[in-house]
Amino acid sequence: MKKRYPHKDKVLLVNITRLGDMLQATPTIRGMKMENPQCHVTVLVEKQFEDICFTIPDIDDVVALDLGMTVRSLAREQDGIIDAYEYIDEVVEDLRKRQFDYVLNMSSSAYTALLLRLIGVPRQGGWSSDSEGHRVIESEWARLFATSVFHQNRQFNSLNLVDIFRCSADVEVHPPSLVMKVSPENKEKMRRFIADQHFTNTGPLVAVQAGASQQKRQWAPDRFARFVQILTREHDARVIMTGSSKELSIIEPIVQACDADNVKIAAGKTSIPELGALISECNVMVTGDTGPMHVAVAAGTPVVSMFLASAFGFETGPYGEGHLVLQPVIGCGPCNPNKPCARPDCHDSIAPELLAKLTAMRCRGDVTELPPDFADPRQVLIYRSEFDRNGFLDLRVLNGGSLPPSRELLFRNAYRKMWLDDLGDLRDAPGAGMSNGSSAGPRGRSSLAVLDSAVSGIPEIVRAAEKGERLIRDLTELIKNTNAPAAALGRVSESLTELDREIEQLGYFIEPLAPLTRMFVFAKENLSGTDALDLASQMERVYGDLKRRSLKLEAYLGES
Amino acid sequence: MAIPLNHGDLLQGLAAKMQRDWDRRIAHDYRFWMSDGYESDQELWSSGERDFSILLEGVDNRHEKSFLELGCGVGRLLRPALRDFAKVIGVDVADEATKKARELLGANPKLEIVLGDGFSLRPVEDASIDVAVSFAALSSMPTDVIASYLLEIHRVLKPGGVLRIQAYVGDEQKVHQDDTLHLRCFRRENVSAALNFAGFTLDWIRELILPFEVSAKKAGIEAVIISLRKGDRTGAQITEIAHTLLPQGEVRGERTLPTADLECWMAISYGYELLKKGEIERAKLALQHARTVQDEASAEIQDYLRDLETKLDDGNVSEGLPVSGDSLGQSDIIVANRNILRQRFPEAARVLSEDGAVAEVRHTEDGPVVWIDGLCLDHPTRPRDAARVWVERTLRDARVTGASKLVVFGLSAAYHLEELIRRDSRPVVVIEPDLRVARAALASRNLTALLERVSQFLVGTTLDLDSLGEGAELLVRPQAQMLHPEACAAVKSSFYGARGLAVLKPKFAVLGPLQGGTQPMTTYTARALMALEQRVRPVDMSGFGPTYHLINDTLKCDLRRSTMIGNYIELLSQLVLESLQEKPIDILICMAQAPITGRVLTELRRQGVITVLWFVEDYLRFGYWQQVAQYYDFVFTIQRGPCLDTIRKAGAGAVHYLPTACDPELHSPVALSAEERERWGSKVSFVGAGYHNRQQLFASLCELPFKIWGTEWPTCRPFDRLVQEGGRRLSPDEYVKIFSASDINLNLHSSTERDGVDPTGDFVNPRTFELAACEAFQLTDHRALLPESFDIPREMITFESRADLKEKIAWFLERPEERREIARASRMRALRDHTYTHRLKEMLRVIYSVKYDHLKNRQEESPWAGLLRRSKRHEELHGRCQRAFDRGEEPKLDALVSDIITGNGDLSETEQKLLFLHHIKSQIVRMRREESGTK
C-alpha cells in the first residue's frame, strides 16, 4: 500500500466525541502497534469518554478535553471567556510539550482542525487548518473519507470508514475486528449478574440494544416487543436489554409487554467496560447502528444490526467477519443524517418476525447463506460482513440473488476498486484495473454502462481535465515569460476558474460522478504556497488525478 | 471695540503718560530700569552688545546703511550701532532718557538722538532709513501707540528696508491701556496679521534666547525677534492695526494690573536686594522711588514698604532678610509667598495682585486661622489637630486610595494641605474659590513649602479643570463648600464632567423618533458620541414609521385611532425594552418624539439606566413633555428662560439648555456639476415644510427666482410654481445640494400662529447650523438666542419683517463677495462651536458631573469589568477585549471573534485559540439543536 508517513514513533490521535468513534479507531491503533511495537499512542478525547479509553488496548496515554466545562464557561460569558481561554492555553501547552511526530484527526470539526494548527505537529493526517484558519486535508485517504461521508456520495461508497480511517494513518497491517479489553473481574461480575436474573428459559442469551441516538433511527418499541416475544416464546431465548438509563423510557414498555421472566434490564446498570463484559457473555447482540453495536463487535459477539434511516451498513457497519446487517431498500435511504424524518417508512421494511428468525439463526452459528425467499430483496437487503483479499471490510448480500444489479451497486463496486487501486495501489485481482489511466486496458462496457448517462458523463470530465492540463501548461509558459502581458495571465486564470466551476457542476448534475468531482474540489482547496510555478504544478497534478481516476472508474465499470 | 473719535488726543494722552513714567524711572536708576545688567555701566554696555548682535543677525553691509532705534532709552544699543552703521538715529519719548543717552555716548557726527512725541517719528524723513529696530520697548507701549509707530516706521524706511523688533507672542495679557510697565503679549497670528496690515512682509519669527529666562512658556508667553521688510502700504489705519493686534482691545477704566503696583514692587525688591548686599544708600533711593508711586500701589505693598523702611531706619538689616519657617515677619511672608507664586503660578499671582478685600485672620496657639462672614474656615482653636484628623480620614477613603492625583477644594489657612503633603506623595492641586481667603492665607502663613510642592494652585471661580485628567479625585473641604456652594457645585460639575469624559465608558443607546425632522439627528447624535470615543448603539425606529401612518390612515374615529396608536407605541416601547435587555446599556438618550412610554422608562431606571431626553422642539407648542418629563433624569432643551424651570417642575431630574448643531460629516460645502446646479440651485431657495407663517411670507416672494422644497405646501398658486418636485420629502444629502447651489437660502423658523416672522421666537433651529456649516449664505429670521451662537452681522444676517427680508434679498443678490465672506465666517463659527460633538460633549459633562459615582460603580460591577481585568494577563487578548468594549459590544465570545471570522490573513495564536473556542461553542450548540430537533 502507498504510504505518506510509514514510520511513526509518537502519535496523537484526536478522537474527541463518541463511544463508537473511539472503538472504530481501534484497528488503526492496534495496527500502528503491529507495524511498530515502539510506537507511543496518545489519544485526545472528550472528558466524558476518558474512561472508555482504559478499555481500549494499546493506548499509552490519554489527554481529556473538558468540552462541557469549556462550554459552560463560555455560556457564563464575561470572564468565563478567560477561564475557557486559559484552559485551552493549558491544553495546547501540554500537547506541545509532548512533542508528537504525527497527529491524526479524523474528526471533521472546525475546532479540532484548529487544534492541530495550534499544536503545530508537522506530519498530519486528516483535518487541519491553514494559517488563515481554513480547514485543509492533506491525505488523499482523508479526503476520500470526507468525500464518502458527503451525503450525496454515501450510496456510492462501500469502503468501511474504519478502513478509510486506517489508511489515512497509513496503517496496512491491522486486526480483523474492533478490539477492547474485557477484564476477568468484569466478566465474572457479569456472569453473576446474568445468573442473578433467574431466567426460566435456557436457550441463547441475546443482548438487545433498543435505544438509538436519533429519533428517526429508533425502531418502535412495539416492534421490539414483538421481536422479543418471538425470541423468548419460540426460541427459548433469554433477553437482556442494554443501554443507558436515559433509554429506560423506551426499554420499559418493551419489557412490560413481554414475558417478565426472560426479559431483563441491564440498561443504566453497567459501565462501558462492564457492558463489554456483559455482551461478551451473550450469544448475539441485536441492535441498530449504535455505540453498543461496536462494543459487541469489539467484545467478539456476533451482531445482527438494523441500519435504519440515515445509517448505512457499508459505511459504519460492524467491523469484523460474520456479522449480519439489515439495510432497508427504499428510495430515500440512506437519508441525510442532519434532517429529521416525520415518516420513517424504512422501519416497515424490517418485520419483527424476520429479525427474530435471523437472530435465532445467528445464535445457532455463522450465517453464510440464506434460504431462497428468506427475505424480499426489494424490501430489505441482508448482508454478511467479510474482509476482501486486501483486508478491507465488505458486505456480501445474502438475499439478493434474484435481482439485477442496481446502478448504485455497479458504481459502488467500481469506485471501491478504483480507490483501492488509485489511492492504495491495491488491486482486487491481478490484471484488474490499470496502473495508469492513459494506458487503458480493454475498455469493455456492460450494456447498463452504455445506457447510463452517468457513464457517458465520464468522457466529459476527462475532456475537462485535459483542458485543465493544457491551460496549466499555457499558464506555466506565461509565468516563465517575464514579458508576457498581464492580461494574458488574467485570461488563462479566468478560463481555469470557469473550467473548475464546470467540473464541479458535472458532479451535481450526474450524481454517480460526484465522488470524483468532490475529490477534485478537496484537492483544489488544499493547494498551498505562494510560488506561482509551484502552484501551477500542483494544479496540473490535480487535473491529472481527475483524468486518471475518471478513466479508471470507466474501466472498472466496464468490467462489471 | 469703540474707537475714540479724536484719536490724536488719545495718542497724545498716552504719550504724556509714557514720558512721565519713564522720566521718573530713569531719574531713579537708569541702569536698573533700562537693562538686566545694572551693577555698572560696563554691564549695561555688554548686555547691549549681546542684544544688538542677536537683533541684527544677518543684516549685512551695515557701514553703508542708516539705522534707527525706536525706544532707544539711554542708548544701550546705539553704542554698537555707531560702530557698525553709517548713520544712527535714536528716538525716545523720555526726556531723561535722551539726555542720559547724549551724556553716555558723547558727541558723534553719525549720531542723532531725537526726543519723540511718543507716537510718531517726526522729524525723521520719509524713506530715509535702511534698518529700523526696537528692543524691549514696544512691549510696554499701549497698543494704539504701537500701531501708530508701525505706520511711522513704514514711512521712514526705504523701500525694502529692514525692521527688527523684539516682542512677546502667545496668550494675550490683560494690560491696562495706559500701562507702561507690564508686558503686552499678543497672539502670534494677530502679530503677523497686524504687521502685514501695516505694510510689512514677514521674514521670520524666532524665539529670543538670553542667558536668563525671557519667555514664560508656562504662562503661554514667548519672547521673540521678528524680522520684517518694508512692503506696499495697505491703507490700514491705526485703529485697524491696533484692532488686528488685540481684537478685544485693551483694558480701560477699572485697573486689573496697576502699573504702580508692579513699579513699586520692583523698586522694593531692588531695595531689598541692595539691602541684602549692604548698599544702604542705594537701597534708600530704591525705597524712595517706591514711595513716589506707592499711593497707587496696593495696601499690601504699601505695608511691606513701610516694614522695610522701618528696618532700614533701625539699621536692623539682618532682620529684614527672609529666613525659613514661622520666624518670618509678616511682610517677609508676603514676599516669600508672592515670589514663589509669581514664579510657579503666574496666573494665580496675577489674579491675587488685584486690589481686593482680605478675609479676617485670627490667632490661635497653633497659628493664624482664616475667618469670613462669621465662619471659621479652619478649626477655630486647634487647626493643626483638626487638619490631621481630616487628612487621616480622607486618606482612608477608598476612592482616594486609588487616585493618582488629589484635588483639594478649599485653601483656608492650609493646615490640612500641609498635613496632606507631609503624609502623601501624590500630586496635589489646590482650588480656592474665594480671593479674600487666598489673600488672607498668603498674608498670614508661610506657604512657600506648600507652594513649591503642589502641582497646581487655582484661585477664583472661573476655572478650567479639563486638564486635571484621569485618576484625579476631588476632596472638598466642608467649610469651603458651605461658604461657596455654587462655586463648589460648579467645580464638582466641571471636575467630574471632565473626569467622566476621561474615565467613564458607559454604553449609550440613542433612540430616534418614528419619522420627522428629528430623525436624522439620531444619526448625528450617535456619530458625535462615537467621535467622543463613547460606546454607542443607535436604535433606528424609522422602519416602524409607515405602520404608524397606516394606522392613522386606516381609522377615522379619533378615539379608535388614538387608542390604536397608543397600543402601537406601547408595543414599540416594549420592543425597545426587550432589545435593551438583550444588549444592556447605561444611558438612554431619547430624541424628541421617540416612541417610548413612561412604563418602559421607569423599568429602565429601575435597572439603573440613566434616561435622557433631548427635547429639540418648542416646548410651548409641543406639550407632551408634561407627561414624560418625570421619567427622565435629564432633559436638554433648545430654549432657555422659563422653559428650564417649567420642565423641571414637571418632574424632570435636571434640565439644561443645549441647542441643536451641525454634523460636518454631512453638512459641508459640496462640489456640484452644471446639471446638479441647474436642478438644485436657485437665486433664492427654501427647504422645509409649509407651515402657516412660511406660506404667508413666501407667497409675497413669488416674483423672485425662488424655489421651495419640502412637504405640506399648498398646491394652489403661487406655490404650484414655486414648490419643487411635487413637494416630496427630501433626504439630508439633497438638502445639502440645495444649500450649496443656492445664492440665498431662506431660513424662517416655523410658526402656526404668526403670519411671518415670530417676534417672540427664541430657539435656533438645526437648519441655521446646517446652512452655516455648508458655507451657504442664509437669511434667517431674528431669534432671541441666535446672537449667542453667531456674531450678527459678521457671521449671520437676520431679518425681522417681510419688508426687511425683501430688502436684504435684493441687497445680497447684488453682492456675491459679501455673501461669500459672511458664509465663510458662518461656517468657521459653526465648526468651531456648533457641531454635534460640541453639544454631546456638553451633555456628557452634565450627566457625568451628576452621575459620576453611579456610572463608575456600574462600570466596575459590569460584566466587562471582570473580563477586562482578567484579560490583562494576555496582552493580545486584552487588546481584543478592549476594542470590543470600545465598540460597544456585549462581553461575549462572539464579539471577540467577529472580525476574525470575517477577516483575512494569517491568524495569530490568540486568534486561533479564540476561534477554537468559537467553533467548540457552535458545534455544541448545533449538536444540542440537532438532538432536540430530531429526538
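Up top is the structure these notes are about.
I will try to describe carefully the structure that is included in this document. Since we're looking at a predicted model, the values are computed, not measured.

Parameters at a glance
Residues numbered from 1 in each chain as written. Chains lettered and ligands numbered in written order. Predicted model: local features only at pLDDT ≥ 70, side-chain atom pairs only at ≥ 80, totals over all residues. Heavy atoms only, no water. Helix = DSSP H or I, 4+ residues; strand = E, 2+ residues; numbered from the N terminus. Buried < 20%, exposed > 50% of the residue type's maximum accessible area, 1.4 Å probe, protein only. Contact = heavy atoms within 4.5 Å. Areas by Shrake-Rupley, 256 points an atom, 1.4 Å probe, with all protein chains shown as cover. Pairing = 2+ DSSP bridges. Axes fitted to C-alpha atoms, helices over the stretch in contact; angles between N-to-C directions. Phe/Tyr/Trp six-rings, centres within 6.5 Å; stacked < 30°, edge-to-face > 60°. Lys NZ or Arg CZ within 6 Å of the ring centre and 35° of its normal. Parallel < 35°, antiparallel > 145°, perpendicular 65-115°, else oblique. Nonpolar A, V, L, I, M, F, W, Y, C, P; charged D, E, K, R; others polar. Salt bridge = Lys/Arg side-chain N within 4 Å of Asp/Glu carboxyl O. Buried area = accessible area lost by both parts, 1.4 Å probe. Right-handed = clockwise from strand over helix to strand, strands pointing away. Lys, Arg positive; Asp, Glu negative; His and termini not counted.

## A few points about the overall build of chain B
Then, number 1: Counting its regular elements, chain B contains 39 helices and 25 strands.
Then, number 2: Counting across all 935 residues of chain B, residues that qualify as buried make up 56%.
Then, number 3: Taking all contacts inside chain B whose residues are at least 6 apart in sequence as the whole, residues at least 24 apart take part in 68%.
Then, number 4: Split by element, the accessible area of chain B, about 40,400 Å² in all, is 50% carbon and sulfur.

## Quick look at the sheet that holds strand 24 (residues 778-781) of chain B
Residues and elements named next belong to chain B.
Then, number 1: In spatial order, the strands read 22-21-23-24-25; together these five strands make up an open sheet with parallel pairing. Here the strands that pair on one side only, and so sit at the sheet edges, are strand 22 (706-709) and strand 25 (797-799). When the angles between neighbouring strand axes are averaged without regard to direction, this sheet yields 25°.
Then, number 2: Packed on one face of the sheet, helix 30 (residues 732-741) meets strand 21 (682-687), strand 22 and strand 23 (742-747) and runs near 120° to strand 23.

## Examining the packing of aromatic side chains
Then, number 1: The full count for this structure, using the stated rule, is 35 aromatic pairs over all chains.
Then, number 2: On the basis of an interplanar angle of 40° and a centroid distance of 6.3 Å, the ring pair of Phe411 of chain A and Tyr415 of chain A is categorised as tilted. With a gap of four residues between them, Phe411 of chain A and Tyr415 of chain A both fall in helix 16 (residues 407-424), about one helical turn apart.
Then, number 3: The exposure class of Phe411 of chain A is buried, given its relative accessible area of 1%.
Then, number 4: On the basis of relative accessible area, Tyr415 of chain A is assigned to the buried category, the value being 1%.
Then, number 5: Clustering of aromatic rings is evident, with ring pairs tying together Phe686, Phe698, Phe706, Trp713 and Phe719 of chain B.
Then, number 6: The ring of Phe522 of chain A carries Arg518 of chain A above its face, with NZ or CZ at 5.8 Å from the centroid.

## Description of the packing of helix 33 (residues 802-813) of chain B against helix 34 (residues 816-833) of chain B
The description of two helices packed together rests on the angle between their axes and the distance between the axes.
Residues and elements named next belong to chain B.
Then, number 1: Close contact between helix 33 and helix 34 brings their axes to 7 Å; oriented N to C, the two are set at 105°. One element, helix 33, and the other, helix 34, form an angle in the roughly perpendicular class. On helix 34, the residues touching Trp811, Phe812 and Leu813 of helix 33 are Pro816, Glu818, Arg819 and Ile822.
Then, number 2: Of the residues assigned to the contact of helix 33 with helix 34, the class counts are five nonpolar, no polar and two charged.

## Notes on the pattern of salt bridges
Then, number 1: For the structure on display, the rule yields 114 salt bridges over all chains.
Then, number 2: Between Arg870 of chain B and Asp79 of chain A there is a salt bridge, and its shortest N-O distance comes to 3.3 Å. On the criterion of chain membership, the pair formed by Arg870 of chain B in helix 36 (residues 863-871) and Asp79 of chain A in the loop between helix 4 (67-75) and helix 5 (80-97) is interchain, its members lying in two chains.
Then, number 3: The partner of Arg794 of chain B in a salt bridge is Glu795 of chain B, with the nearest N and O atoms 3.2 Å apart.
Then, number 4: Residue Glu795 of chain B is classed as buried on the basis of its relative accessible area, which comes to 5%.
Then, number 5: It is possible to trace a salt-bridge network through shared partners that takes in Glu140, Arg143, Asp421, Asp422, Asp425, Arg427, Asp545, Arg548, Arg549 and Lys552 of chain A.

## Structural notes on the interface of chain A and chain B
As a measure of interface size, the accessible area lost when the parts come together is often cited.
Then, number 1: Facing the 34 residues of chain A at the interface are 33 residues of chain B.
Then, number 2: With both sides pooled, the region where chain A packs onto chain B buries about 3,400 Å², and carbon together with sulfur makes up 66% of that total.
Then, number 3: At the boundary of chain A and chain B, one finds six salt bridges.
Then, number 4: The salt bridge involving Asp83 of chain A is made with Arg870 of chain B; its shortest N-O contact spans 2.9 Å.
Then, number 5: Secondary-structure elements contributing two or more residues to the side of chain A that touches chain B are helix 4, helix 5 and helix 6 (110-119) of chain A.
Then, number 6: Per-element accounting of the side of chain A that touches chain B gives the leading share, nine residues, to helix 5 of chain A.
Then, number 7: Class assignment for the residues of the side of chain A that touches chain B results in 16 nonpolar, nine polar and nine charged.

## Section: the pairing of strand 1 (residues 66-70) of chain B
All names here are of chain B.
Then, number 1: The buried count for strand 1 comes to five of five residues, which makes it a mostly enclosed element.
Then, number 2: What you see with strand 1 is no split at all: Ser66, Leu68 and Leu70 on one side and Phe67 and Glu69 on the other are buried throughout.
Then, number 3: With respect to chirality, the unit in which strand 1 leads through helix 3 (residues 78-84) into the neighbouring parallel strand 2 (residues 87-92) is right-handed.
Then, number 4: Of the strand pairs in this sheet, strand 1 and strand 4 (residues 129-134) are connected by three bridges, and their pairing is parallel.

## Let's talk about the side chain of Arg362 of chain A
Residues and elements named next belong to chain A.
Then, number 1: Along the chain, Arg362 turns up in helix 15 (residues 352-364).
Then, number 2: Buried and without a salt bridge, Arg362 has Asp366 as its closest oppositely charged side chain, separated by 4.1 Å.
Then, number 3: With near-sequence residues (within four places) excluded, Arg362 lies in contact with Val284, Pro302, Val304, Gly322, Leu324 and Val367.

## Things to note about the sheet that holds strand 15 (residues 507-511) of chain B
All names here are of chain B.
Then, number 1: Ordered by their spatial adjacency, six strands build an open sheet running 16-15-17-18-19-20, and the pairing between neighbours is parallel. Each having just a single partner strand, strand 16 (535-539) and strand 20 (654-657) make up the two edges of the open sheet. With direction set aside, neighbouring strand axes in the sheet form an average angle of 20°.
Then, number 2: Judged from the five bridges that link them, strand 15 and strand 16 form a sheet pairing that is parallel. By the bridge assignment, Phe508 is partnered in strand 16 with Val536.
Then, number 3: The sheet strands contacting helix 35 (residues 836-861) are strand 15, strand 17 (587-591), strand 18 (610-615), strand 19 (634-637) and strand 20, and the helix crosses strand 18 at an angle near 150°.

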